[in-house]
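Inside the fold
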Amino acid sequence: MSLEELINRCKDRDRKAQEQLYRLFNGKLYSICLKYSRNQTEAEDNLQDSFMAIFNKIGQYRFKGSFEGWVRRVTVNTVLQKYRKEKVFNIVSEEIEDEVEVEIEDEDISLDYLLSIIQKLPDKYRLTFNLYVMDGYSHKEISEMLGVTEGTSKSNLSRARTILKTYIEEDHRKKKVTSL
């Protein structure tokens, strides 16, 4: 069955087609949810909510542009909507700190390690960091998606980088101490 046929069957609320669509995209969408979530349990909840939104909105898909891009966008928006409801984007100051460069001397840092320290970031910093660094959105786009100013987006990114740099430096120091 072609992707177009699968989508059309999902538009007709065909449960077997929905299951096939889930199997086709759950891995990719889970990785997006994991990136934006605090932990695996929250990522699983966000994945479930995202598929519910995809199935509810699939009638809006008009076969213009990539379907994968469309489901990714629905997933990101679903996760961000949850955080908007929690009001995690309020910020006291929009002072933008100097650009922080994170230099990693240890090239053996695993993807799992990077994901784990990104997940430790406070929500507003993690979301801004992922949207800007990982997904390539501009500060203008992020400000519109999160309902904050561009200055807040830039400030949140700077603070995220500062925190990540601190995590990496602390872990690097711990490795040096344990290797002595």
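Residues numbered from 1 in each chain as written. Predicted model: local features only at pLDDT ≥ 70, side-chain atom pairs only at ≥ 80, totals over all residues. Heavy atoms only, no water.

1. Digging into the overall build of the protein chain
Heads up, the rule is: The secondary structure listing takes helices from DSSP runs of H or I that are at least 4 residues long and strands from runs of E that are at least 2 residues long, numbered from the N terminus. We call a residue buried when its accessible area falls under 20% of the maximum for its residue type, exposed when it is over 50%, and partly exposed in between, using a 1.4 Å probe and counting protein chains only. The contact criterion used is simple: two residues touch if any of their non-hydrogen atoms lie within 4.5 Å.
From N to C terminus, the protein chain includes eight helices and zero strands. If you list the helices and strands of the protein chain from N to C, you get α-α-α-α-α-α-α-α. For the protein chain, the residues scored as buried account for 39% of the 180 residues in total. Within the protein chain, counting contacts between residues at least 6 apart in sequence, those at least 24 apart form 71% of the total.

2. Some words on the nonpolar core
Note the following rule: For our purposes a nonpolar core is just a set of buried Ala, Val, Leu, Ile, Met, Phe, Trp, Tyr and Cys residues, chained together by side-chain atoms within 4.5 Å.
With 34 residues, the main nonpolar core has L21, L29, I54, F67, W70 and L131 as its most contacted residues. Looking at this core, the elements with two or more residues in it are α1 (3–11), α2 (15–36), α3 (40–57), α4 (67–86), α6 (123–134) and α7 (139–146). Judged by nonpolar contacts, the second largest core, of ten residues, contains L121, L157, L164 and Y167.

3. Structural notes on unusual backbone geometry
A positive phi angle is found at R13, which is not glycine, with a value near 65°. Looking at the secondary structure, you find R13 in the loop between α1 and α2. A positive phi angle, near 60°, is found at F63, a position not held by glycine. Position of F63 relative to the elements: it lies in the loop between α3 and α4.

4. A closer look at the packing of α1 against α2
Applied cut-off: Fitted lines through C-alpha atoms give the axes, limited to the stretch in contact for helices. The angle between two N-to-C directions lies from 0 to 180 degrees. An angle below 35 degrees is treated as roughly parallel, one above 145 as roughly antiparallel, one from 65 to 115 as roughly perpendicular, and anything else as oblique. By convention the crossing between two helices is left-handed if the near helix lies anticlockwise of the far one by an angle smaller than a right angle, and right-handed if it lies clockwise.
Closest axis-to-axis distance for the α1/α2 pair is 8 Å, and the angle between their directions is 130°. Classified by the angle between their axes, α1 and α2 sit oblique to one another. In this structure, α1 meets α2 at a crossing whose hand is left-handed. Across the interface between the two elements, L3, L6, R9 and C10 of α1 pack against K16, A17, Q18, Q20, L21, L24 and F25 of α2.

5. With respect to a nonpolar patch on the surface
Selection criterion: Patch criteria: residues need more than 30% relative accessible area and no salt bridge. Like-charged residues are merged within 9 Å; nonpolar side chains of Val, Leu, Ile, Met, Phe, Trp and Tyr are merged within 5 Å. With residues, only the protein chains shown are counted as cover, and all accessible areas are computed by Shrake-Rupley using a 1.4 Å probe. A pair is scored as a salt bridge if a Lys or Arg side-chain nitrogen falls within 4 Å of a carboxyl oxygen belonging to Asp or Glu.
On the surface, Y132, V133 and M134 cluster together to form a nonpolar patch covering roughly 240 Å² of accessible area. Note on M134: relative accessible area 43%, which makes it partly exposed.

6. Observations concerning the packing of helix α5 (residues 111–119) against helix α8 (residues 150–178)
Under the convention used in this document: Note that Gly is not counted as nonpolar here; it falls among the polar residues with everything else outside the nonpolar set of Ala, Val, Leu, Ile, Met, Phe, Trp, Tyr, Cys and Pro and the charged set of Asp, Glu, Lys and Arg.
Relative to each other, α5 and α8 sit at 125°, their axes nearing to 10 Å. With respect to α8, the element α5 is oriented oblique. Crossing angle aside, the handedness with which α5 passes α8 is right-handed. Between α5 and α8, the residues in contact are Y113, I117 and I118 and L164, Y167, I168 and D171, respectively. Looking at side-chain class alone, the contact of α5 with α8 contains six nonpolar, no polar and one charged residues.

7. What to know about the confidence of the model for the protein chain
As a reminder, the rule being used: Each residue carries a pLDDT score, the predictor's own confidence in it, on a scale running from 0 to 100.
On average, residues of the protein chain score 87 in pLDDT, and 87% of them reach the 70 mark or higher. Segment residues 91–97 is flagged for pLDDT under 50; beyond a separation of four residues in sequence, or across chains, it makes 19 contacts in the model.

8. Concerning α3
Keep this limit in mind: Take the residue count of a helix, subtract one, and multiply by 1.5 Å to get its expected span. Each polar contact in these results corresponds to two N or O atoms within 3.5 Å; when the atoms are within protein, one needs to be able to donate a hydrogen and the other to accept it, and residues that are neighboring in sequence are counted only if both atoms are side-chain atoms.
With 18 residues, α3 should cover 26 Å at 1.5 Å per step; its first-to-last C-alpha distance of 25 Å lies within 8% of that length. Considering only its buried residues, α3 is in contact with α1, α2, α4 and α6. Capping of α3 at its N-terminal end is provided by N39; its side-chain oxygen lies 3.2 Å from the backbone amide nitrogen of T41.

9. Looking at α2
Heads up, the rule is: The reported bend at a residue is simply the angle between two axes, fitted to the 7 residues ending at it and to the 7 residues beginning with it.
Maximal helix bending in α2 amounts to about 55°, located at N26. Packing partners of the buried residues in α2 comprise α1, α3, α4, α5 and α6. Among the residues of α2, the N-terminal cap falls to D14, whose side-chain oxygen and the backbone nitrogen of K16 are separated by 2.9 Å.

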